[in-house]
Amino acid sequence: MVDKGKQVDTSAAPPDPQSAFGAVMPVIADLLERGTRAFALGSWEEAIEHFGELASITEETFGSESQRYADCLVMYGRALLQHAIEQSALLAQKTLAEAAAGSKETEAKEGQPKEEGQGQGQPKATIQFEGEPDFRQVEEEAAAAAAAEEHDSGGDEDDDFAAAWNVLDLARVIQEKATDAKSQLKYAETLMLLGDVSMESENFGQAVKDFAAALEVKRRHLKEDDRELAEIFYKVALAYEYNQESSKALELMSDVQRILNNRLDALRAESTMEAKEEADSLQEVLEDVAAKIEEWRAPPKPVDIGALTEGEQLLAERAKEMLKKAVESGQINDITNLVKSKRDKQNEAKRQPEDSEGGAKRPKKNS
């Protein structure tokens, strides 16, 4: 405080603008460490809390168009996505368990008791495609029916995926403006995450677009024998396969084989132990890719209901009924609708990106 009657010393140096950064950087580092640790442990809600606060502080410190802010948004969006996947799986498990219990009660009322020892196991949590990567679907047959029967629970699930989409889409809008190779590769990773959201939401057409855009970026900056390039080719192929476009999927799988074989040839030309170990691992990957190609080429095999246990038969029939009802009622969601509804609910957000494609939700600031 300046004493009364004394002149303020205007010759003193102005405040150092860097002092604000010096004060906030330890806070940013602490939030980053806490969020990263929580994510590694699978504590998604804790990771969401830390990364959300980190994104807010980073935006205030470095600006809403900074690449640092975009990096924090990606971490925040990834945590939101993992949490949404977990909640979706739990909802599917709960619904299938209730369906199995309901089928048993119906049988008892109709005077058709179950044989002892049959149908007593735990129901499967999700309907999986054998040999596929772990793309648990957001609206699997059971989850779709649950959304129709339990509006509140289904709405929460939709909001989880919409939040992940919005945060990642905002990061995309910021990152696509950077032109250096490092930033462009980060941009490609964000596009891949958006593709993962679309896959989990069974919006395979949108997933094709997201993965294809990521592929285009990565091809400009990666070598032709880079395994990351093979990975994104595979993701595009998988999206095409799920979108019932097998011919395009198989074309892309040949590119996966070409890239991996080129990498294998390069490794065999080296004499180091690391190269030999990677070559052995790569050979196994190539075998898996070849098996996947044969699987996609073969016509789908009908499921032999008679070969299932009684409990599995009940669940299969119940799941078919649920899916039929969900399709007829229009409850199978499109990610575009998810984003639109989420954005409508977030109109009170302080800022919206100027880019017309990036109407994504910003992380909520702590008051």
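Just so it is clear, the model here is predicted, and its values are computed rather than measured. Position labels on residues start from 1 in each chain and follow its written sequence. The model is predicted, so local features are restricted to residues of pLDDT at least 70 and side-chain atom pairs to those at 80 or more, both for listing and for counting; the totals for chains, interfaces and linings are taken over all residues. Heavy atoms from the whole structure form the basis of all side-chain values; hydrogens and water molecules are not counted.

1. Some thoughts on the environment of Glu202
Helix and strand labels come from DSSP, where a helix needs a run of H or I of at least four residues and a strand needs a run of E of at least two; each type is numbered from the N terminus. Considering the arrangement of structural elements, one finds Glu202 in the loop between helix H6 (181–200) and helix H7 (204–221). Under the scheme applied here, a residue whose accessible area is under 20% of the maximum for its type counts as buried, over 50% as exposed, and between as partly exposed, the area being computed with a 1.4 Å probe on protein chains only. Judged by relative accessible area, Glu202 falls into the partly exposed class, the value being 27%. The sequence separation of Glu202 and Tyr242 amounts to 40 residues, and the corresponding C-alpha distance is 8.5 Å.

2. Quick notes on the packing of helix H8 (residues 227–242) against helix H10 (residues 273–297)
Working convention: axes come from line fits to C-alpha atoms, limited for helices to the stretch in contact. Angles between N-to-C directions cover 0 to 180 degrees. At a minimum axis distance of 13 Å, the contact between H8 and H10 shows a crossing angle of 15 degrees. The pairing of H8 with H10 is recorded here as roughly parallel in orientation. Crossing of H8 against H10: the hand is left-handed. Listed contacts from H10 to Arg227, Tyr234, Ala237, Leu238 and Glu241 of H8 are Glu278, Ser281, Leu282, Val285, Lys292 and Trp296. Here roughly perpendicular refers to angles of 65 to 115 degrees, roughly parallel to angles under 35, roughly antiparallel to angles over 145, and oblique to all remaining angles. Helix crossings fall into two classes, left-handed where the near helix is turned counterclockwise from the far one by less than a right angle and right-handed where it is turned clockwise. A contact between two residues is defined here by any heavy atoms of the two lying within 4.5 Å.

3. Let's talk about the pattern of salt bridges
By definition here, a salt bridge exists when the distance from a side-chain nitrogen of Lys or Arg to a carboxyl oxygen of Asp or Glu is within 4 Å. Taken as a whole and judged by the stated rule, the model has 18 salt bridges. Between Glu216 and Arg220 there is a salt bridge, with its nearest N and O atoms 3.8 Å apart. With Glu216 and Arg220 both in helix H7 and 4 residues apart, the pair spans about one turn of that helix. In this structure Glu216 comes out as exposed when scored by relative accessible area, which is 52%. The shortest N-O distance in the salt bridge between Glu278 and Arg227 comes to 3.7 Å. Of the two residues, Glu278 is situated in helix H10 and Arg227 in helix H8; the sequence distance between them amounts to 51 residues. A relative accessible area of 23% places Glu278 in the partly exposed class. Taken together, the salt bridges that share partners define one network made up of Asp169, Arg172 and Glu176.

4. Focus: the packing of H6 against H7
H7 packs onto H6 with a crossing angle of 165 degrees between their chain directions and a minimal axis gap of 8 Å. When the interaxial angle is binned, H6 and H7 end up roughly antiparallel. As H6 packs across H7, the resulting crossing turns out to be left-handed. Throughout, the ten residues Ala, Val, Leu, Ile, Met, Phe, Trp, Tyr, Cys and Pro are labelled nonpolar, Asp, Glu, Lys and Arg are labelled charged, and all others, Gly among them, are labelled polar. Of the residues assigned to the contact of H6 with H7, the class counts are 14 nonpolar, 5 polar and 5 charged.

5. Some details on the confidence of the model for the protein
pLDDT expresses, on a scale from 0 to 100, how confident the predictor is about each individual residue. The share of residues in the protein with pLDDT of 70 or more is 60%, and the mean pLDDT across the chain is 76. The weakest mean pLDDT in the protein belongs to helix H12 (residues 335–345) at 42; the strongest belongs to H7 at 96. With pLDDT under 50 throughout, residues 1–15 is counted as low confidence; its partners more than four residues away or in other chains account for 1 contact. Across residues 116–154, confidence stays below pLDDT 50; counting only partners more than four residues off in sequence or on other chains, it has 81 contacts.

6. Here we look at unusual backbone geometry
Although it is not a glycine, Glu202 adopts a positive phi angle of roughly 60 degrees. Phi is positive for Gln244, close to 60 degrees, though the residue is something other than glycine. Tracing the backbone shows Gln244 in the loop between H8 and helix H9 (246–268). By relative accessible area, Gln244 is classed as exposed at 70%.

7. Some details on the packing of aromatic side chains
Aromatic ring pairs are defined here through the distance separating the ring centres and the angle between the ring planes. Side-chain rings of Phe, Tyr and Trp, where Trp is taken by its six-membered ring, are said to pair if the distance between their centres is within 6.5 Å; with planes under 30 degrees apart they count as stacked, over 60 as edge-to-face, and otherwise as tilted. Taken as a whole and judged by the stated rule, the model has 2 aromatic pairs. Relative to Trp44, the ring of Phe39 lies with its centre 5.0 Å away and its plane at 70 degrees, an arrangement referred to as edge-to-face. Residue Phe39 is classed as partly exposed on the basis of its relative accessible area of 23%. Ring geometry for Phe204 and Tyr242: centres 5.2 Å apart, planes at 80 degrees, overall edge-to-face. Within this pair, whereas Phe204 is found in helix H7, its partner Tyr242 is found in helix H8, the two being separated by 38 residues in sequence. Comparing Phe204 with Tyr242 shows no difference in burial state: the two are buried.

8. Digging into H7
Multiplying 1.5 Å by the residue count of a helix minus one yields the expected span of that helix. Across its 18 residues, H7 extends 26 Å between first and last C-alpha, which sits within 8% of the 26 Å expected from 1.5 Å per residue. For H7, the complete set of buried residues consists of Phe204, Gln206, Ala207, Val208, Asp210, Phe211, Ala214, Leu215, Val217 and Lys218.

9. Notes on the side chain of Thr190
Mapped onto the elements of the fold, Thr190 is located in helix H6. If we ignore the near neighbours within four places in the chain, the residues touching Thr190 are Val74, Leu168, Ala171, Arg172 and Gln175.

10. With respect to the environment of Ser246
Here Ser246 is to be found in helix H9. Distance from Ser246 to Arg297, taken between C-alpha atoms, is 8.0 Å for residues 51 residues apart in sequence. Here Ser246 is in contact with Tyr240 and Glu241, once residues within four sequence places are set aside.

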